[in-house]
Amino acid sequence: MNIPIVYFMMNSRSVSSLYFWHLFNQSYNSACNISNGALPIEEVDWTLTGAGYGCAVAWTTIRMALLSRSTEKAVARTGRAISPTSAALFSFFVAVEANALNMGCMRSTEIISGVPVTDEDGVVRGKSSYAGIDAIVETWATRGLLVPVAAILVPLAATRFG
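Let us look at the structure shown here.

Parameters and conventions
Each residue is numbered by its place in its chain's sequence as written, counting from 1. With the structure being a predicted model, the display of local features is reserved for residues of pLDDT at least 70 and the display and counting of side-chain atom pairs for 80 or more, all residues being used for whole-chain, interface and lining totals. Side-chain metrics in this entry use all non-hydrogen atoms of the structure; hydrogen atoms and water are not considered. Helix numbering and strand numbering both begin at the N terminus, where a helix is a DSSP run of H or I of at least 4 residues and a strand a DSSP run of E of at least 2. Burial classes: relative accessible area under 20% of the type maximum marks a residue as buried, over 50% as exposed, and values in between as partly exposed (1.4 Å probe, protein chains only). Reported accessibility uses the Shrake-Rupley method at a 1.4 Å probe radius. Residues are deemed covered only where the shown protein chains occlude them. Comment: axis = line fitted to C-alpha atoms, over the contacting stretch for helices; angle = value between 0 and 180 degrees taken between N-to-C directions. When describing relative orientation, an angle under 35 degrees is termed roughly parallel and one over 145 degrees roughly antiparallel, while 65 to 115 degrees is termed roughly perpendicular and anything else oblique. Each crossing gets its hand from how the near helix is turned against the far one by less than a right angle, where anticlockwise is left-handed and clockwise is right-handed. The contact definition used throughout considers only heavy atoms, calling two residues in contact when any of these lie within 4.5 Å. Residue type decides the class: Asp, Glu, Lys and Arg count as charged, Ala, Val, Leu, Ile, Met, Phe, Trp, Tyr, Cys and Pro as nonpolar, and the leftover types, Gly among them, as polar. By nonpolar core we mean a set of buried residues, namely Ala, Val, Leu, Ile, Met, Phe, Trp, Tyr and Cys, connected to one another through side-chain atoms within 4.5 Å. Note on pairing: DSSP must find at least two bridges between two strands before they are called paired. Any two rings among Phe, Tyr and Trp, with Trp reduced to its six-membered ring, count as a pair given centres within 6.5 Å; such a pair is stacked if its planes are under 30 degrees apart, edge-to-face if over 60, and tilted if neither. Residues enter patches when their relative accessible area tops 30% and they take part in no salt bridge; the joining distance is 9 Å for like charges and 5 Å for the nonpolar side chains Val, Leu, Ile, Met, Phe, Trp and Tyr. By salt bridge we mean one thing: a side-chain nitrogen of Lys or Arg within 4 Å of a carboxyl oxygen of Asp or Glu.

### What about the overall build of the protein?
Of regular secondary structure, the protein possesses six helices and two strands. When the helices and strands of the protein are placed in sequence order, the string is α-α-α-α-α-β-β-α. Seen along its three principal axes, the alpha-carbon backbone of the protein occupies a region of about 65 × 40 × 20 Å. The buried share of the protein, reckoned over its 162 residues, is 35%. Only carbon and sulfur atoms are counted for the fraction: they give 67% of the accessible area of the protein, which is about 9600 Å².

### Looking at the packing of helix H2 (residues 15-36) against helix H3 (residues 46-78)
Look at H2 against H3: their axes get within 10 Å of each other, and the N-to-C directions meet at 160°. By the criterion of interaxial angle, the relationship of H2 to H3 is roughly antiparallel. Considering only the axes of H2 and H3, their crossing is right-handed. Residues Val15, Leu18, Tyr19, His22, Leu23, Gln26, Ser27, Ser30 and Ile34 of H2 lie in contact with H3, whose contacting residues are Trp46, Thr49, Tyr53, Ala56, Val57, Thr60, Thr61, Met64, Ala65, Leu67 and Ser68. Tallied by class, the residues present in the contact of H2 with H3 amount to twelve nonpolar, eight polar and no charged.

### Digging into the nonpolar core
Grouped burial of nonpolar side chains is what soluble globular proteins tend to show. Of all hydrophobic cores here, the largest spans nine residues; its members are Ile5, Val6, Met9, Met10, Trp21, Ala88, Phe92, Ala95 and Val96. Every element with two or more residues in this core is listed here: helix H1 (3-10) and helix H4 (84-106).

### Digging into the pairing of strand E2 (residues 124-128)
As judged from the four bridges shared by strand E1 (residues 115-118) and E2, these two strands associate in the antiparallel manner. Residue pairing across strands places Val117 opposite Gly126, the latter belonging to E2. Connecting the antiparallel pair E1 and E2 is a turn made up of five residues, with Gly122 showing a positive phi of about 85°.

### Thoughts on the packing of H1 against H2
Closest axis-to-axis distance for the H1/H2 pair is 9 Å, and the angle between their directions is 160°. Classified by the angle between their axes, H1 and H2 sit roughly antiparallel to one another. As for the relative orientation of H1 and H2, their crossing is left-handed in sense. Contacts between H1 and H2 involve Ile5, Phe8 and Met9 from the former and Leu18, Trp21, His22, Phe24, Asn25 and Tyr28 from the latter. Looking at the contact of H1 with H2 residue by residue, the classes come out as seven nonpolar, two polar and no charged.

### Some points on the packing of aromatic side chains
In total, this model carries four aromatic pairs according to the counting rule given. Look at Trp21 and Phe24: their rings are 5.5 Å apart centre to centre, the planes differ by 75°, and that puts the pair in the edge-to-face class. With Trp21 and Phe24 both in helix H2 and three residues apart, this pair spans about one turn of that helix. We classify Trp21 as buried; its relative accessible area is 18%. The partly exposed category is assigned to Phe24, whose relative accessible area is 41%. Grouping aromatic residues by their ring pairs yields a cluster made of Phe8, Phe20, Trp21 and Phe24.

### A few points about the environment of Asn11
Checked against the element boundaries, Asn11 lands in the loop between H1 and H2. Residue class for Asn11 comes out partly exposed when judged on its relative accessible area of 34%. Separated by 70 residues in the primary sequence, Asn11 and Ala81 place their C-alpha atoms 16 Å from one another.

### Details of a nonpolar patch on the surface
A cluster of nonpolar residues, Ile111, Ile112, Tyr130, Ile133 and Val137, forms a patch on the protein surface that exposes about 530 Å² of accessible area. Looking at the nonpolar patch, the elements that each hand over two or more residues are helix H5 (108-112) and helix H6 (129-161). Looking at the nonpolar patch element by element, the count peaks at three residues for H6. Relative to the assigned elements, Val137 resides in helix H6.

Note that all results are geometric; they support no functional claim without further evidence.
Here you go:
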């Protein structure tokens, strides 16, 4: 479960800490994409796996560098620091974007080639691209929707009621 990773990412106060947690998050997500994918390990396209990981890490690195630079400019221009909440939310949405990019690359074979479809007895009856799309959408929904609820609402509730 990457909620602890998201927590540390959202509460990082230095650029190097953000880089570390985003890199750690993409490493964790890559492992999840491989282990939770619908394809047998023999059918995993390792080129796409590496490309997905590389693109996601590059995306988060570029976005975090832009965040750091724009924050410095905003502070110099206004004399006011960016709120920790704004920085945390930006960091979180960068992670969601990178996770979608990572998963899209790594699991695109499930859409292109389809995934095995079985009957009630576990007998493979064929392959389906639609089942691959469903698997990817469900995975993205749980990562993109459930994690923010826990990562944002739990600290807010703790602050309000704690």
